[in-house]
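# Close look at the chain arrangement
Single-letter residue listing:
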Amino acid sequence: LSELTSFIVSYNEITGIIPDGFANLSKLEIVHLHGNRLQGAVPFLSLKGQTKSSFIADCGSPSVFDSPLDCPSCSMCCNSKQECDAKKSKTNFGKWSSVFVASVVFALLLASTGLIQKIFSFGQGVSSTGNECCTIGKDSVYCFFLSNRFTAWALAIGVL
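Let us look at the structure shown here. (Residues numbered from 1 in each chain as written. Predicted model: local features only at pLDDT ≥ 70, side-chain atom pairs only at ≥ 80, totals over all residues. Heavy atoms only, no water.)

Our focus in this paragraph is the overall build of the protein. When helices and strands are tallied, the protein shows five helices and seven strands. Secondary structure elements in the protein, listed N-terminal to C-terminal, are β-β-β-β-β-β-β-α-α-α-α-α. Total accessible area on the protein is roughly 11300 Å²; 59% of this is exposed by carbon and sulfur atoms. (Helix = DSSP H or I, 4+ residues; strand = E, 2+ residues; numbered from the N terminus. Areas by Shrake-Rupley, 256 points an atom, 1.4 Å probe, with all protein chains shown as cover.)

Laid out in structure tokens, this is it:
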């Protein structure tokens, strides 16, 4: 069985669960399990040269069971009406989360060097007398954010 490349048993009225040892068949290229009465979860399979019809199972809804076959590695899911649809690929959020983290780190670096304060005060023509905190109150949260402290800037950017 270790040399098996195709496993097509569609519409054979097979019942039960798929054994975990199925995942050890590393040379599989095509698996068709649809049209049967299989239950539970299909072990994760990484098929060679996978196309949208490489791995078909009864993982669609409506199902003849309360919950359809759990098949995370299926490329196509069929339902009890024998309608089959290709699974849609999910968005890779890893790329977007990396961009977000990189932009936050960049903003924190700008804040720590005081460049943000220079950018926002450029061309305003307002000179600071240093009395802002006295006017607002030294214990005020506004005084904290008007300061040049790194923690104030990091907290402000973190909230944004």
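Okay, the state of the cysteines next. According to the stated counting rule, one finds three disulfides in the structure shown. Two residues share a disulfide in this structure: Cys71 and Cys74, whose sulfurs sit 1.7 Å from each other. The sign of the 85° torsion about the S-S bond sets the Cys71-Cys74 disulfide as right-handed. Residues Cys71 and Cys74 agree in their burial class; the two are buried. Note on cysteine connectivity: Cys78 is disulfide-linked to Cys84, with sulfurs 1.9 Å apart. Because the sign of the S-S torsion sets the handedness, a value of about 105° for the bond joining Cys78 and Cys84 places this disulfide among the right-handed ones. Take Cys78: its relative accessible area is 2%, and that puts it in the buried class. (Disulfide = S-S within 2.5 Å. Buried < 20%, exposed > 50% of the residue type's maximum accessible area, 1.4 Å probe, protein only.)

Read from one edge to the other, the open sheet built from five strands follows the order β1-β3-β5-β6-β7, with strand pairing classed as mixed. Across the chains shown, the open sheet's two edge strands, defined by having one partner strand only, are β1 (6–8) and β7 (84–86). Pairwise comparison of adjacent strand axes, ignoring direction, gives a mean angle of 15° for this sheet. With three bridges joining them, β1 and strand β3 (residues 30–32) adopt parallel strand pairing. Across the sheet, the residue bridging to Phe7 is Val31, located in β3. (Pairing = 2+ DSSP bridges. Axes fitted to C-alpha atoms, helices over the stretch in contact; angles between N-to-C directions.)

Turning our eyes to something else, we now look at a nonpolar patch on the surface. On the surface, a cluster of nonpolar side chains totalling about 450 Å² of accessible area is made up of Phe100, Val101, Val104, Val105 and Leu109. As for its placement among the helices and strands, Val101 is situated in helix α1 (residues 93–113). (Patch = residues over 30% accessible without salt bridge, like charges linked within 9 Å, V, L, I, M, F, W, Y side chains within 5 Å. Salt bridge = Lys/Arg side-chain N within 4 Å of Asp/Glu carboxyl O.)

This brings us to helix α5 (residues 150–159). Residues of α5 that are buried: Ala152, Trp153 and Ile157. All buried residues of α5 fall inside an arc of 125° around its axis, so they share one side. For α5, the exposed residues lying more than 90 degrees away from the buried face are Gly158 and Val159. (Arc of directions from axis to C-beta.)

Here we take up the pattern of salt bridges. Within this structure, the stated rule accounts for one salt bridge. Note that Glu3 and Lys27 form a salt bridge whose closest N and O atoms lie 3.0 Å from each other. Placement of the pair is Glu3 in the segment before β1 and Lys27 in the loop between β2 (15–17) and β3, with a sequence separation of 24 residues. Note on Glu3: relative accessible area 53%, which makes it exposed. Given a relative accessible area of 32%, Lys27 falls into the partly exposed group.

Below, the discussion takes up unusual backbone geometry. At Tyr11, a position not held by glycine, the phi torsion is positive, near 55°. Structurally, Tyr11 can be placed in the loop between β1 and β2. We classify Tyr11 as partly exposed; its relative accessible area is 44%.

Inspection of the secondary structure puts Glu13 in the loop between β1 and β2. Take Glu13: its relative accessible area is 71%, and that puts it in the exposed class. Linking Glu13 and Asn36, residues 23 residues apart in sequence, is a C-alpha distance of 4.6 Å. For Glu13, the residues in contact, after removing those within four places along its chain, are Gly35 and Asn36. (Contact = heavy atoms within 4.5 Å.)

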